[in-house]
Amino acid sequence: HAPAVPAAKRERKAITLDIKLEVLRRFEVGEKLSQIAKALGLAVSTVATIRDNKEKIKANSQIATPLRASRLTRHRSAVMETMERLLHVWLEDQSQRNVPLSVTIIQEKAKSLFDDLQRERGESSQTEKFSASKGWFVRFKERHCLPHFKINSTPPGNKDIYPEVLRSIIEEGEYTPQQVFNVDETGLYWKRMPEGMFISVEEKAEPGFKSSKDRLMLLLGGNAAGDFKLKPLLVYHLETPKALKGYSKPNLPVIWRSNKKAWATRSIFQEWFTYFFCPAVEKYCAQNNLTNKALLILDNAPCHPVDLSDLSDNVRVEYLHDSTADSIQPMGQGIASTFKAHYVRRTFEHILEATDGEDTAMIREFWRNYSIMDAVDNIAVAWEQLRPATMNSVWKKLWPECVQFQSVSQTDNISQLKQNIVTLAKNVAFEEVVEADVDQLLRSHEEDLSNEELLQLEQEPAGEEESEDAPPALRQLTTGKLSAAFSHFEAGLQVLTSNSTNDEWKLKVSRAISDAINCYRELYNEKK
C-alpha cells in the first residue's frame, strides 16, 4: 500500500503559497472555479478547498512573506487581471478567425482595454499607470498560455504559387469540380438590426445582456461546381436553449453543436469531418454516379486539425498557406457576406409576415420573442437561397478553369439584396433605414470584438439554458476524457485487488467492469 501514499503527499506539497494566492486573486477578479482549475492545472476540488480556506491562507501569507505577498497584490490589480483575461479572450477570437496579428497590435489592444476598464471603475483605479511595454508582453506570455496566432507578414511573390500546386493535386487525383470542396467559419449576430431602428435604440437603453451581441458561429461550404451546398454547422454557446425544447436536434436544418464561447474547436471540426462531411460526400457521389473521393481545401485556422486526411481513405485534405488564404480561399470571396445579406432580408420578411408591418407594438413584441430557433429556420432559408452560380464563381482565383457561370445575372447580386432589405424595412415601419445602415450592419458581423463586446462575453444571458439533466451524447467524449476515465477505472480496480484476498472476487469484478466499459473502449479506438 505504501506507493500510493507518498504520491498523494508529493502532489499536495507541490501547491505552494504563491499558487494558493494566485487562486484567490483569480476568484477576486471574477473567474469561475472551473476556469481557475483549468488555467493552473489543479483539481476543481483543490481549488474549492483553497477558496474555502481563504482567510487562513491570507493570514499565512502575511506571516511567511509579508513583503512579497503585498507586492504581488499591489502589482496585480483587479483592473490589470481583468484586462489580461479579456485580452486573452480577444486573442483566442482572433486566432479562431485566422486574423494576422503583431506584438504592436496586441499591445495597442491591451492599452485600449486597460483605459476603458479604468474609466468604467472610476477615480479609485485612475492612479495605476500601464504602458503595455514589451516587458509586460513577455510577462503576459509567461502568465497565459497564448493561442497560436498568425504573424502579420506576407512574403512577396508567393500569391500565385498555390493555384499551380492545387492544379497538380487535382490532375494527380483526377478530381472533378463536383469533388473539390472548401469550407470556412464565419460569425453571425443572429438578433442584430440596423443601429437607427427603434428596436435597436430601445435595446441599447435597457440594462443587462444585449441580444444584439449574441453571436453564433457557422461553418459554410460546398463544392466547386456550385451544385452541392453542405448542411451548415452551427456552434452556439448553449447546448439546449429554451427555444429548442421539444425539438430533435438531429432533425434541425443545421448541425447543432455548443461551445462556451460559440467557437469551433478541433474536436468539433474533427467530428464534423468524420460523421457529417465524409458521409455527405459519399451520398452525393453515389447520387451523381461519381467515384467516392473528394478533395477538401482548408485554411490553417487553429480549429482545423492537421491530420484529417488520416481519418478517411476517400477524402484528401489540403491546407492553404497563411500568406495566401485570405485572398484566394473560395468561401472568403463573398459567400459569407452574401449569405448574411440573405439572412437579414429573410428576417425582415419574417417580421412582415408575422406583423403586417404597421403596428409598432406588434413588431416590438415579435422581436422580443424572436428566438434562436427562428434564427435557425431563417439561416436555413438564407443558405438555400444562395445560387449555384454564386457558389461556383468564387473559385475564380483558386481554380479559374472550373468556373462555368460567366453571366452576372446568374449570381446573387448583393447590391440588389441590400436594396430589397431597405424596401422591406420601409414596409415594416422602419422608414429611417437607408442602404448605408444595411452596409454597416453587414460589416459589423466581420469586425473584431470591441472592448464592450469582450465585457459582454463575461455576462451570461440569464435563464436561457434548459436545466434538464440530460446525459451528454457520446460524440462529446474526446479521446483525452476517455483515457482519463480508463485510468480511474484501472486505479479503482488496483485498490480493490491489492487489498482483497479473495481471488474469485477479483476476477469476477475485473471481468464485469471490463465488459461494462467495452463500448467506451470501442469508441476510443474508433476516435483514435
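- The chain is annotated in an unreviewed UniProt entry as TIGD1 protein of Crocuta crocuta.
- On record in UniProt, under Subcellular location (unreviewed entry), the comment for the chain is "Nucleus".
- In UniProt, the chain has this text filed under Sequence similarities (unreviewed entry): "Belongs to the tigger transposable element derived protein family."

## Structural notes on the overall build of the chain
Consideration 1: When you go through the chain residue by residue, the secondary structure sums to 23 helices and six strands.
Consideration 2: Burial analysis of the chain (528 residues in total) assigns 43% to the buried set.
Consideration 3: The long-range share in the chain, meaning contacts at least 24 apart out of those at least 6 apart in sequence, stands at 71%.
Consideration 4: Per element, the accessible surface of the chain, about 27600 Å² overall, is 52% carbon and sulfur.

## Examining helix α9 (residues 134–143)
Consideration 1: The set of residues buried in α9 consists of W136, F137 and F140. The buried residues of α9 occupy one face: seen down the axis, they fall within an arc of 100°. For α9, the exposed residues lying more than 90 degrees away from the buried face are K134 and E142.

## Focus on the nonpolar core
Consideration 1: Within the largest apolar cluster, 66 residues are counted, with the highest numbers of intra-cluster contacts made by F348, W395 and F430.
Consideration 2: With near-sequence residues (within four places) excluded, F348 lies in contact with M193, P194, M197, I421, L424, A425, V428 and F430.

## Re the pattern of salt bridges
Consideration 1: For the structure shown, the criterion picks out 18 salt bridges.
Consideration 2: A salt bridge links R25 to E22, with the shortest nitrogen-to-oxygen separation between them at 3.2 Å. Separated by three residues within a single helix, R25 and E22 lie in helix α2 (residues 17–28), roughly one turn from each other.
Consideration 3: By relative accessible area, which is 9% here, R25 ends up buried.

## As for the UniProt feature "DNA-binding region" (unreviewed entry) in the chain
Consideration 1: Under the UniProt annotation, "DNA-binding region" (unreviewed entry) lies at residues 33–53.
Consideration 2: In the segment residues 33–53, helix accounts for 81% and strand for 0%; the C-alpha atoms at its two ends are 14 Å apart.

## Points about the packing of aromatic side chains
Consideration 1: Applying the stated criterion across every chain, the model contains 17 aromatic pairs.
Consideration 2: Linked through ring pairs, F181, F228, F269, W272, F273, F277 and Y284 together constitute an aromatic cluster.
Consideration 3: Between K229 and the ring centre of W383, over which it is positioned, the NZ or CZ distance is 5.9 Å.

## Describing the side chain of R192
Consideration 1: Of note, R192 is situated in the loop between β1 (180–189) and α11 (198–205).
Consideration 2: Given a relative accessible area of 14%, R192 falls into the buried group.
Consideration 3: Only 3.1 Å separates the side chain of R192 from the backbone oxygen of S212, close enough to count as a polar contact.
Consideration 4: For R192, the side chain forms a polar contact with the side chain of S444, separated by 3.1 Å.

## Things to note about the packing of helix α14 (residues 335–355) against helix α15 (residues 360–369)
Between two packed helices, both the angle of their axes relative to each other and the distance between the axes serve to describe the pair.
Consideration 1: Across the interface, α14 lies against α15 with an axial gap of 10 Å and an inter-helix angle of 125°. What the angle tells us is that α14 and α15 run oblique. Classified by chirality, the crossing of α15 by α14 is right-handed. Along its contact with α14, which presents T347, H350, I351, A354 and T355, the element α15 presents M362, I363, F366 and W367.
Consideration 2: Partitioned by chemical class, the residues of the contact of α14 with α15 number six nonpolar, three polar and no charged.

## Details of helix α3 (residues 33–40)
Consideration 1: Considered for burial, the residues of α3 that qualify are L33, I36 and A37. Viewed along the axis of α3, the buried residues span an arc of 100°, placing them on a single side of the element.
Consideration 2: Buried residues belonging to α3 abut α2 and α4 (44–52).
Consideration 3: G41 sits one or two positions beyond α3 and adopts a positive phi of about 70°.

## Description of the pairing of strand β3 (residues 233–236)
Consideration 1: Here β3 shows two buried faces, one formed by L233 and V235 and the other by L234 and Y236.
Consideration 2: Where strand β2 (residues 215–223) lies against β3, three bridges are found, and the strand directions are antiparallel. If you follow L218 over to β3, its bridge partner there is L234.
Consideration 3: Direction of pairing for β3 relative to strand β4 (residues 255–258): parallel, over a ladder of four bridges. Each residue of the ladder has a partner; that of Y236, found in β4, is S258.

## Quick word on the sheet that holds strand β5 (residues 294–298)
Where strands meet in a sheet, backbone hydrogen bonds hold them as pairs that are either parallel or antiparallel.
Consideration 1: Spatial ordering of the open sheet is given by β4-β3-β2-β1-β5-β6, a layout of six strands whose pairing is mixed. Two strands in the sheet have a free side with no partner beyond their single neighbour: β4 and β6 (315–319). With direction set aside, neighbouring strand axes in the sheet form an average angle of 25°.

Calculation criteria
- Residues numbered from 1 in each chain as written.
- Predicted model: local features only at pLDDT ≥ 70, side-chain atom pairs only at ≥ 80, totals over all residues.
- Heavy atoms only, no water.
- UniProt positions renumbered as here; feature names shortened; annotations may be inferred.
- Helix = DSSP H or I, 4+ residues; strand = E, 2+ residues; numbered from the N terminus.
- Buried < 20%, exposed > 50% of the residue type's maximum accessible area, 1.4 Å probe, protein only.
- Contact = heavy atoms within 4.5 Å.
- Areas by Shrake-Rupley, 256 points an atom, 1.4 Å probe, with all protein chains shown as cover.
- Arc of directions from axis to C-beta.
- Core = buried A, V, L, I, M, F, W, Y, C linked by side-chain atoms within 4.5 Å.
- Salt bridge = Lys/Arg side-chain N within 4 Å of Asp/Glu carboxyl O.
- Phe/Tyr/Trp six-rings, centres within 6.5 Å; stacked < 30°, edge-to-face > 60°.
- Lys NZ or Arg CZ within 6 Å of the ring centre and 35° of its normal.
- Polar contact = N/O pair within 3.5 Å; in protein donor to acceptor, adjacent residues only side chain to side chain.
- Axes fitted to C-alpha atoms, helices over the stretch in contact; angles between N-to-C directions.
- Parallel < 35°, antiparallel > 145°, perpendicular 65-115°, else oblique.
- Left-handed = near helix turned anticlockwise from the far one by under 90°.
- Nonpolar A, V, L, I, M, F, W, Y, C, P; charged D, E, K, R; others polar.
- Pairing = 2+ DSSP bridges.

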